[in-house]
Amino acid sequence: QVQLVESGGGLVQPGGSLTLSCEASGRTDTFNNYAAGWFRQAPGKEREFVAATSWDGGRTWYADSVKGRFTISRDNAKATMWLQMHNVNPDDTAVYYCASDTNKIGGNWMANYWGQGTQVTVSS
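Below: a short report on this structure. (Residues numbered from 1 in each chain as written. Predicted model: local features only at pLDDT ≥ 70, side-chain atom pairs only at ≥ 80, totals over all residues. Heavy atoms only, no water.)

Tallied over the full model, the rule gives four salt bridges. Asp92 is the salt-bridge partner of Arg40, the closest N and O atoms lying 2.9 Å from each other. Here Arg40 is found in strand E4 (residues 36-41), whereas its partner Asp92 is found in the loop between strand E8 (80-85) and strand E9 (94-100), with 52 residues between them in sequence. Of the residues examined, Arg40 reaches a relative accessible area of 5% and is grouped as buried. In this structure, the salt-bridge partner of Asp92 is Arg69, at a minimum N-O distance of 2.8 Å. Of this pair, Asp92 sits in the loop between E8 and E9 while Arg69 sits in the loop between strand E6 (60-62) and strand E7 (70-75); the two residues are 23 residues apart in sequence, bridging distant segments of the chain. Residue Asp92 is classed as buried on the basis of its relative accessible area, which comes to 0%. Residue Arg69 is classed as buried on the basis of its relative accessible area, which comes to 13%. Residues joined by salt bridges that share partners form a network here, namely Arg40, Glu48, Arg69 and Asp92. (Salt bridge = Lys/Arg side-chain N within 4 Å of Asp/Glu carboxyl O. Helix = DSSP H or I, 4+ residues; strand = E, 2+ residues; numbered from the N terminus. Buried < 20%, exposed > 50% of the residue type's maximum accessible area, 1.4 Å probe, protein only.)

See the structure below:
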């Protein structure tokens, strides 16, 4: 089994920046050989897609709500993926989940492996 552990969440002011990390352990090939990404879930809301990257980091996809503000990247030698968040706003407040084996099916992003989540709160 692969384990995915997020870190880097916390409190940040509107307009500020934050970087989330996702570290894979165990069967890291399940992470390194697959497309991976980030999802988030705000209180009372459904889990939504944020960003994804191909297995080698060569391609990226972003939700419209974060395009131009967030950057996804990965380093398979470290079995690690990051989400750089810039110019955050209160609508970015959510639990952020790392996910592996992501696929866009029928217009919706899905994943087969999930981390436990890390809280990001944007507030002044």
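Before going further, it helps to spend a moment on the pairing of E4. In terms of burial, E4 is a largely internal element, five of the six residues being buried. In terms of strand pairing, E4 meets strand E5 (residues 48-53) through five bridges, oriented antiparallel. Across the sheet, the residue bridging to Phe39 is Phe49, located in E5. Adjacent in sequence and paired antiparallel, E4 and E5 are bridged by six residues, among which Gly44 carries a positive phi angle near 75°. Pairing of E4 with E9 involves six bridges; the strand directions are antiparallel. Residue Trp38 lies in a different strand from E9, and its bridge partner there is Cys98. (Pairing = 2+ DSSP bridges.)

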